[in-house]
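# Notes for the structure review
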Amino acid sequence: MLTLYQRRCPDANPDDGHYDALYAFAEKRLDRCVFGTEKPACRQCPVHCYPSAKREEMKQVMRWAGPRMLWRHPLLTVLHLLDDKKPVPELPEKYRKKK
Ligand code: SF4
């Protein structure tokens, strides 16, 4: 979605490296996701590991690119939509708040 947004969205500047940095940030967050392989869709996540500015930016990217993905990558889109419906797993114990 980031690549699509960067290349096609009229509001994006494809040459400034900003989206490469955002992509690298997102990959790092995925690698370090507290849910590991059980990761829910970030939109459903109760942790929100993105700083608010980046989170808003990703929302903007997804709002624009999400509907356009259906035509370019229909299978990926369906898988993403299914992923979005999965229940959020419980946080691993070491990340839960102690009572
Ligand atoms: S927002 Fe939640 S699901 Fe997404 S990478 Fe961060 S911790 Fe994992």
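Attention in this report is confined to the structure presented alongside it. Predicted model only: the values in this text are computed from it and were never measured. (Residues numbered from 1 in each chain as written. Predicted model: local features only at pLDDT ≥ 70, side-chain atom pairs only at ≥ 80, totals over all residues. Heavy atoms only, no water.)

## A short note on the overall build of the protein chain
Looking only at helices and strands, the protein chain has four helices and zero strands in total. Counting from the amino terminus, helix and strand elements in the protein chain follow one another as α-α-α-α. Taken along the three principal axes of its C-alpha coordinates, the protein chain extends 50 × 30 × 20 Å. For the protein chain, the exposed area adds up to about 7,800 Å²; of that, 55% sits on carbon and sulfur atoms. (Helix = DSSP H or I, 4+ residues; strand = E, 2+ residues; numbered from the N terminus. Areas by Shrake-Rupley, 256 points an atom, 1.4 Å probe, with all protein chains shown as cover.)

## Comments concerning a nonpolar patch on the surface
Together, Leu-75, Leu-76, Val-78, Leu-79 and Leu-82 line one region of the surface with nonpolar side chains, adding up to about 500 Å² of accessible area. Mapped onto the elements of the fold, Leu-79 is located in helix α4 (residues 74-85). (Patch = residues over 30% accessible without salt bridge, like charges linked within 9 Å, V, L, I, M, F, W, Y side chains within 5 Å. Salt bridge = Lys/Arg side-chain N within 4 Å of Asp/Glu carboxyl O.)

## Structural notes on the site of the ligand
Within the structure, the ligand sits among Arg-29, Cys-33, Lys-39, Pro-40, Cys-42, Cys-45, Val-47 and Cys-49. The cavity that encloses the ligand is the largest pocket. Among the residues making up the shell around the ligand, the classes are represented as six nonpolar, no polar and two charged. (Near = heavy atom within 4 Å. 1 Å grid on protein atoms, 1.4 Å probe; cavity = no way out; pocket = protein on both sides within 12 Å on 5 of 7 lines; lining within 4 Å. Sits in = over half its atoms within 2 Å of the grid points. Nonpolar A, V, L, I, M, F, W, Y, C, P; charged D, E, K, R; others polar.)

## Looking at unusual backbone geometry
Phi angles above zero are rare outside glycine, and His-48 is one such case at about 55°. Its place among the elements puts His-48 in the loop between α2 (18-31) and α3 (52-72). Relative accessible area serves as the criterion here: at 33%, His-48 is assigned to the partly exposed category. (Buried < 20%, exposed > 50% of the residue type's maximum accessible area, 1.4 Å probe, protein only.)

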